[in-house]
Amino acid sequence: MKNLIVIADWVYDSLTCQEITSSVGGFLSTSSLPRITFVSSTPSTVHASYLIKQVVETEERLGKPKNTVIFQNTDPRLQTKKGVEKAKGAEFIVIELKSGIFVCGPNAGYDFSMIKEKIKKIYLLKNFDKGTQFRSRDLYSKVSATLIEDRLDELKLTPTSLNIIPNIGAGFFVGHIDNYGNIKTTIKLSDFIKKGFKFGNKIEISINEATRICEFATNLFGAQPGKLIIYPGSSGNQNDPYLEISVWRHFTEDEKTTGIHEFNNPLPGDNINIQNN
């Protein structure tokens, strides 16, 4: 039996997490329960995509990818500004990655864009986009249980094209905010190298209507404490990590601001603009 990782914008609600645990267990063919863990997303599909990407990177490098199923549900109904019938949302897809990980969930916005290059096959599961207010519990948990038990042939899947997943584009975004207030971006180290930036450069960065000067440092502790910096972080591919923006703090100072405070508490999905200073 495979393990299940749930990434969704309702994970902060402990009741919802318990309902998912109960319903997944109820749809299994045995009385044994898998290991289920939860990762909380915001309603941003960029955030969901970043979380999926990082979970996949870690599973493929340090975990057991062939023993892993990821179920995500971040669907802010971006495809419409009108009321919908039967709580209709994005179409449900099942993805098999080249590493053997299965990923499933509604194909909303950029949810799966950051793992696009890792995809081996994509399937559409029709008629799973409407019919209940809480599809994660009532419909999607059944798909998760089927994938956990490796019963893919029981699902009425229709092969589909990689083109149904949009490219995230050339822009840069806030990918995630960690518990220290560090801003994890979708900017790869190679993106900065291509722009000609070198360590020690002063760079003008604008996020959430705030513009600040950051030093390009080798790591979070590669400059002086209290200085706003941008640096290769701990997320993404180890050979080409995503950059982070923050301030090295001892947390003994009177002023304990970090990255989020410098940019007026941005949210995952916010745009990042960069200029050489």
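Every chain's residues receive numbers from 1 upward, in the order its sequence appears when written. Whole-chain, interface and lining totals are the exception, using all residues; otherwise, since this is a predicted model, local features are given only for residues with pLDDT of at least 70 and side-chain atom pairs are given and counted only at 80 or more. In computing side-chain values, all of the structure's heavy atoms are included and hydrogens and water are not.

**Focus on the pattern of salt bridges**
A pairing counts as a salt bridge when a side-chain nitrogen of Lys or Arg comes within 4 Å of a carboxyl oxygen of Asp or Glu. Under the criterion given, the structure shown has 10 salt bridges. Between Asp 150 and Lys 2 there is a salt bridge, with its nearest N and O atoms 3.9 Å apart. With Asp 150 in the loop between helix H3 (135-148) and strand E7 (157-159) and Lys 2 in the segment before strand E1 (3-8), this pair connects stretches of sequence that are 148 residues apart. Judged by relative accessible area, which is 54%, Asp 150 ranks as exposed. Each member of the salt-bridge network shares a partner with another, and the members are Lys 53, Glu 57, Glu 60, Glu 117 and Lys 118. The helix count covers DSSP runs of H or I at least four residues long, the strand count covers runs of E at least two residues long, and both are numbered beginning at the N terminus. Note on classification: 1.4 Å probe, protein chains only; a residue is buried when its accessible area is under 20% of the maximum for its type, exposed when over 50%, partly exposed between these limits.

**Topic: the packing of aromatic side chains**
Aromatic pairs are defined between Phe, Tyr and Trp rings, using the six-membered ring for Trp, whenever the two ring centres lie within 6.5 Å; interplanar angles under 30 degrees are classed as stacked, those over 60 as edge-to-face, and all others as tilted. Under the defined criterion, the tally for this structure stands at 7 aromatic pairs. Here the aromatic residues Phe 192, Phe 197, Phe 199 and Phe 216 are joined through ring pairs into a cluster of three or more.

**A closer look at helix H1 (residues 14-27)**
By this rule, a helix spans an expected 1.5 Å times one less than how many residues it contains. Here H1 is 14 residues long and its end C-alpha atoms lie 20 Å apart, about the 20 Å a rise of 1.5 Å per residue gives. Those residues of H1 that fall on the buried side of the exposure criterion are Thr 16, Cys 17, Ile 20, Ser 23, Val 24 and Gly 25. Pairs of N or O atoms within 3.5 Å make up the polar contacts considered here, provided that, within protein, one atom can donate a hydrogen while the other can accept it, and that residues adjacent in sequence are counted only when both atoms are side-chain atoms. Structurally, the start of H1 carries an N-cap: the backbone nitrogen of Leu 15 is 2.9 Å from a side-chain oxygen of Asp 13.

**Digging into the sheet that holds strand E4 (residues 92-97)**
With respect to topology, 7 strands assemble into an open sheet ordered E2-E1-E3-E5-E4-E6-E7, the strand pairing being mixed. Strand pairing shows two members of the sheet lacking a second neighbour, strand E2 (36-40) and E7, which therefore form its edges. The sheet shows a mean angle of 25° between the axes of neighbouring strands, direction not considered. Any two strands with at least two DSSP-identified bridges between them are counted as paired. Sheet topology note: the strand E3 (residues 68-73)/strand E5 (residues 102-106) ladder contains 3 bridges and is parallel. Of the residues in E5, the one forming a bridge with Phe 71 is Cys 104. Should any heavy atoms of two residues lie within 4.5 Å, those residues are counted as being in contact. Every angle, taken between N-to-C directions, lies between 0 and 180 degrees, and every axis is a line fitted to C-alpha atoms, over only the stretch in contact when it is a helix. Helix-sheet contacts for H1 involve E1 and E2, and the interaxial angle to E2 is about 145°.

**Observations concerning the nonpolar core**
Residues grouped as a nonpolar core are buried Ala, Val, Leu, Ile, Met, Phe, Trp, Tyr and Cys residues, joined through side-chain atoms within 4.5 Å. By size, the foremost hydrophobic cluster in this structure holds 25 residues, and its most contacted members are Leu 4, Trp 10, Phe 71, Phe 92, Val 94 and Leu 147. Broken down by element, this core gets its largest block of residues, 5 residues, from H3. Beyond its immediate chain neighbours, meaning those up to four positions away, Val 94 contacts Phe 102, Val 103, Cys 104, Lys 121, Ile 122, Tyr 123, Val 143, Leu 147, Leu 152 and Leu 157. With 22 residues, the next largest nonpolar core counts Val 174, Phe 192, Leu 228 and Leu 243 among its residues.

**What to know about the environment of Asn 67**
Within the secondary structure layout, Asn 67 lies in the loop between helix H2 (45-62) and E3. Its relative accessible area of 25% is what places Asn 67 among the partly exposed residues.

**Concerning unusual backbone geometry**
Even without being a glycine, Asp 150 presents a positive backbone phi close to 60°. Residues other than glycine seldom take positive phi values, yet Asn 265 does so here, at roughly 55°. Checked against the element boundaries, Asn 265 lands in the loop between helix H5 (259-262) and strand E14 (271-276).

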